[in-house]
Amino acid sequence: MTQISRFTEEVVPVAQRVTGDGDESAAPDGGGGFADYAFVSLHCLRIYLDTSYRMTIDLLKEMPQITGEIGLDAADLPAPSTLCKALDRIEMSLCRVLLRQSAQLHDPSKHAALDATFYDRDRASRHYCQRTNYRVQTLKVTKLVDTESQAVLDVHCSTTLEGSDADLCEQIARRNAGDLRTLAADKGYDKNALRERLREIEIRPLIKHCVRAPYDHAHNARIDEDLYAQRSMTETVNSAVKRSLGYAVRARDWYREFREITLMCVVYNIKRSVTQ
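Keep in mind the model is a prediction, meaning the values are calculated, not measured. (Residues numbered from 1 in each chain as written. Predicted model: local features only at pLDDT ≥ 70, side-chain atom pairs only at ≥ 80, totals over all residues. Heavy atoms only, no water.)

**Focus: the packing of helix α1 (residues 3-19) against helix α2 (residues 36-49)**
Applied cut-off: Comment: axis = line fitted to C-alpha atoms, over the contacting stretch for helices; angle = value between 0 and 180 degrees taken between N-to-C directions. Helix and strand assignments come from DSSP, with helices taken as H or I runs of at least 4 residues and strands as E runs of at least 2, each series counted from the N terminus. For any helix crossing, the convention is left-handed if the near helix is rotated counterclockwise from the far helix by under a right angle, and right-handed if that rotation is clockwise. Note on contacts: a residue pair is in contact if any heavy atoms of the two residues lie within 4.5 Å.
Viewed as axis vectors pointing N to C, α1 and α2 meet at an angle of 145 degrees, and their least axial separation amounts to 9 Å. Considering only the axes of α1 and α2, their crossing is right-handed. Between α1, through Gln3, Ile4, Phe7, Thr8, Val11, Val12, Ala15, Gln16 and Thr19, and α2, the contact on the second element is made entirely by Asp36, Tyr37, Val40, Ser41, Cys44, Leu45, Tyr48 and Leu49.

In C-alpha cells:
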C-alpha cells in the first residue's frame, strides 16, 4: 500500500467524524451536492500533493483506488473551479476541529511550545493586484506545537504585524486550557501579565525574562531547562511543514488563506501519523 493510500485512509474517517455527514453519499445524488467530508478530503489531498486545483483533479482521475476511498468515481470528481469554491463551505471553526482531531492521532503530551513563522502568498499578476488591492505579500502564522509528538495543536493566522505577541499567546493558551501543563516560548513573549494569566488557567509558563536587572537572572535560572529546550521543536515543525507542503498559499482571499494554512497543519499531522 502506498503512502498516499494510507494518508487517504486516515483523512477520510477524520473528515467524516468532524463534518457529521459520513452516512451521506460522497457524490451528488438525486440533484444534491457533494458531501462536506468529500470536499475536505479532496482539499487535504490537494495540499498533500502540493499541486493546483486542476492538476489535483487530473491526478485523481488516474487514481481510482484513492478516489474510491473517498466514495467517488473518476466521473464523479468535481470541476477544479467547484473544488476551489468549496473552500468557502469549510468554515474556520470546522478547520480548527479538524486540526484538533488530527493532533489526537498522536496522543499529545501536555507540554507545548509556541512560535511564529511567515508564509508567502502565491504570486499574482500585476493586473490582479491592482484590481483587488492585493498588497499583503506574507502571512504571519503562529503555531502551538506538542513538544513530544511534534503535532500541531493550534494555529493563528494574521495578515498584519499589529498587536502584541504576548496577547496572542494568551488567546491561544486559553483555547487550549485544560490540555496543557506547560507552555514554552522565546523572549519575544516576555510579559509578566502573560505569565500571571497562564498560571491562572493552570499552565506553567516557560518564558525566559529579558535581562534588564540582576533578579532576571534568578527568574531564568528557575526555568526547567530540559522542557524549555524543547521549544526548538516549533522551528523543526515549521521547517518540516514548509519543506513538505510548500511555503506559499494558493488562495487569494485572506479567509481562504487562513483555512488553507490550517488544513496544511491538518495534513502535516495526518501525514506524520501515517509515516510513523
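**Details of the environment of Ile90**
By secondary structure assignment, the location of Ile90 is in the loop between α5 (80-85) and α6 (92-104). Residues Ile90 and Glu260 lie 170 residues apart in sequence; the distance between their C-alpha atoms is 9.8 Å. Residues in contact with Ile90, not counting those within four places in the same chain, are Phe39, Val40, His43, Cys95 and Arg259.

**A closer look at the pairing of strand β3 (residues 152-158)**
Rules: To sort residues, take the accessible area from a 1.4 Å probe on protein chains only and compare it with the maximum for the residue type: under 20% means buried, over 50% means exposed, and anything in between is partly exposed. Here, a strand pair is defined by DSSP locating no fewer than two bridges between the strands.
With respect to burial, β3 is a largely interior element, seven of its seven residues being buried. Where strand β2 (residues 138-146) and β3 come together, six bridges link them in antiparallel fashion. Note that in β3 the partner of Lys143 across the bridge is Val155. Counting the residues that bridge the hairpin from β2 to β3 gives five residues, and of these Gln150 lies at a positive phi of roughly 65 degrees.

**Details of the nonpolar core**
What counts here: Working definition of a nonpolar core: buried Ala, Val, Leu, Ile, Met, Phe, Trp, Tyr and Cys residues. They are joined through side-chain atoms within 4.5 Å.
Formed by 58 residues in total, the largest nonpolar core has its most connected members in Phe7, Leu72, Leu98 and Ile261. If you tally residues by element for this core, the top one is helix α13 (residues 254-275), at ten residues. In this structure Ile261 touches Tyr119, Leu139, Val141, Val155, Cys157 and Val249, once residues within four positions along its chain are discounted.

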